[in-house]
Amino acid sequence: MQGSFAKHAYSMGNLGIKSRAVRTAEDLKLIDALILPGGESTTMTLLLENEGLWDPLNEALKTLPVFGTCAGAILLGQQIDDERVRCFNRINYKAERNAYGRQIESFSTTLVIPSILDHDFHAVFIRAPKFREIGPEVVPLAVFGSDPVLLKQGKVLVASFHPELTDDPSIHKYFMDEIVLKSR
Ligand code: GLN
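Described below are features of the structure shown in this document. This is a predicted model, so every value here is computed, not measured.

A word on the overall build of the protein chain
Piece 1. Looking only at helices and strands, one finds 6 helices and 9 strands in the protein chain.
Piece 2. Relative to the globule expectation of 16 Å for 184 residues, the C-alpha radius of gyration of the protein chain, 15 Å, shows essentially globular dimensions.
Piece 3. Expressed as lengths along the three principal axes of its C-alpha atoms, the size of the protein chain is roughly 40 × 40 × 30 Å.
Piece 4. Looking at the 184 residues of the protein chain, the share that counts as buried comes to 51%.
Piece 5. A total accessible area of about 9,000 Å² is found for the protein chain, and carbon and sulfur atoms account for 49% of it.

Looking at the environment of Asp82
Piece 1. Within the fold, Asp82 resides in the loop between α5 (71–76) and β3 (94–96).
Piece 2. Sequence spacing of Asp82 and Ile171 is 89 residues, and the spatial spacing of their C-alpha atoms is 29 Å.
Piece 3. Of the polar contacts made by the side chain of Asp82, one reaches the side chain of Arg84; its length is 2.9 Å.
Piece 4. Within polar-contact distance, the side chain of Asp82 engages the side chain of Arg97 at 3.2 Å.

Examining the nonpolar core
Piece 1. Ranked by internal contacts, the top residues of the largest apolar core, which has 31 residues, are Leu34, Leu36, Leu57, Leu76, Phe88 and Val158.
Piece 2. Only β1 (34–36), α3 (41–50), α4 (54–60), α5 and β9 (156–159) provide two or more residues apiece to this core.
Piece 3. With 5 residues, α5 is the largest single contributor of residues to this core.
Piece 4. One finds Met12, Ile116, Phe121 and Ile179 within the second-largest nonpolar core, a separate group that totals 24 residues.

Description of the site of the ligand
Piece 1. Surrounding the ligand, one finds Gly38, Gly39, Glu40, Ser41, Cys70, Ala71, Ile74, Arg97, Asn98, Ile126, Arg127 and His162.
Piece 2. Note that an oxygen atom of the ligand is positioned 2.6 Å from one of the backbone N or O atoms of Ser41.
Piece 3. Alone, the ligand offers 300 Å² of accessible surface; in the complex the protein occludes 99% of this.
Piece 4. Considering only residue class, the shell around the ligand consists of 4 nonpolar, 5 polar and 3 charged.

Brief notes about the packing of helix α1 (residues 5–14) against helix α6 (residues 170–180)
Piece 1. Axis separation between α1 and α6 bottoms out at 9 Å; the angle between their running directions is 70°. The orientation of α1 with respect to α6, classified from their angle, is roughly perpendicular. Every pair of crossing elements has a handedness; the one defined by α1 and α6 is right-handed. Residues His8, Ser11 and Met12 of α1 form the contact with α6, whose own contacting residues are His172, Phe175 and Met176.
Piece 2. When its residues are assigned to classes, the contact of α1 with α6 shows 3 nonpolar, 3 polar and no charged.

Comments concerning the sheet that holds β9
Piece 1. Across the sheet, which stays open at both edges, the 5 strands sit in the order β1-β2-β9-β8-β7 with mixed pairing between neighbours. Two strands close off the open sheet at either side, each with one partner strand: β1 and β7 (139–144). Averaged over all pairs of adjacent strands, the angle between strand axes in this sheet comes to 15°, irrespective of strand direction.
Piece 2. Across 4 bridges, strand β2 (residues 66–69) lies against β9 in parallel orientation. Counterpart to Phe67 in the pairing with β9 is Leu157.

Thresholds, definitions, all that
- Residues numbered from 1 in each chain as written.
- Predicted model: local features only at pLDDT ≥ 70, side-chain atom pairs only at ≥ 80, totals over all residues.
- Heavy atoms only, no water.
- Helix = DSSP H or I, 4+ residues; strand = E, 2+ residues; numbered from the N terminus.
- Rg over C-alpha atoms; globule rule 2.2 N^0.38 Å.
- Buried < 20%, exposed > 50% of the residue type's maximum accessible area, 1.4 Å probe, protein only.
- Areas by Shrake-Rupley, 256 points an atom, 1.4 Å probe, with all protein chains shown as cover.
- Polar contact = N/O pair within 3.5 Å; in protein donor to acceptor, adjacent residues only side chain to side chain.
- Core = buried A, V, L, I, M, F, W, Y, C linked by side-chain atoms within 4.5 Å.
- Near = heavy atom within 4 Å.
- Nonpolar A, V, L, I, M, F, W, Y, C, P; charged D, E, K, R; others polar.
- Axes fitted to C-alpha atoms, helices over the stretch in contact; angles between N-to-C directions.
- Parallel < 35°, antiparallel > 145°, perpendicular 65-115°, else oblique.
- Left-handed = near helix turned anticlockwise from the far one by under 90°.
- Contact = heavy atoms within 4.5 Å.
- Pairing = 2+ DSSP bridges.

As C-alpha cells, this is what we get:
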C-alpha cells in the first residue's frame, strides 16, 4: 500500500523469485510469503484499515512466513504506545519508533552477520526503530552497537534497516532459504 515495496520486488527478482504487490484480500490468497516494507507505520495502519485489509492480513499472518523491514518490523511487533499504529503481534518485542533520533534521520553502516552471511552487509537505516522488551523466543541475528537490528522468531524475520536499498540480496536469500522454504 505504501513504502519501499518496489525495491523489495527488485531484490527478489535478482534471486529469480517472482513477487506481486498485495493490495486486496484476494491478493493474499495468491502468495506463499510476504514482505512488509519500510515506509511510515502510521500511514500504513490508516491505509490497511481504510482499504479493509488489516483483518485479512492479520489472518494471513497467522500462517504466512513474513519479512518486515523498518515500518514493517514495527507493525509485526507487540502493540506500541501509539494508537495511530496498530500492530500484528507476530514477534515478541515492542518497537520504539524513530529511536535513533529525528535529527540524524538516516545513516548507513557495515554489519557483520557471521551467523548467516559470509560477507559484511551494508545496512541503510532511515528513521529506524529500536526493539525493546525483546522476548526470549526472539533470536537476534545481527546487532549494531548494543541494539539487535535483524531478528527472527519462527516464520517471522525483521530488520530495522533497509536490505532492499542495497544491491546485495543476501538477506532476502536468507529469508527465502531458511524461513520460507524450511517452513513448507
Ligand atoms: N519511522 C518510520 C515509522 O515509524 C519507519 C521508517 C522506515 O520504515 N524507514 O513508521
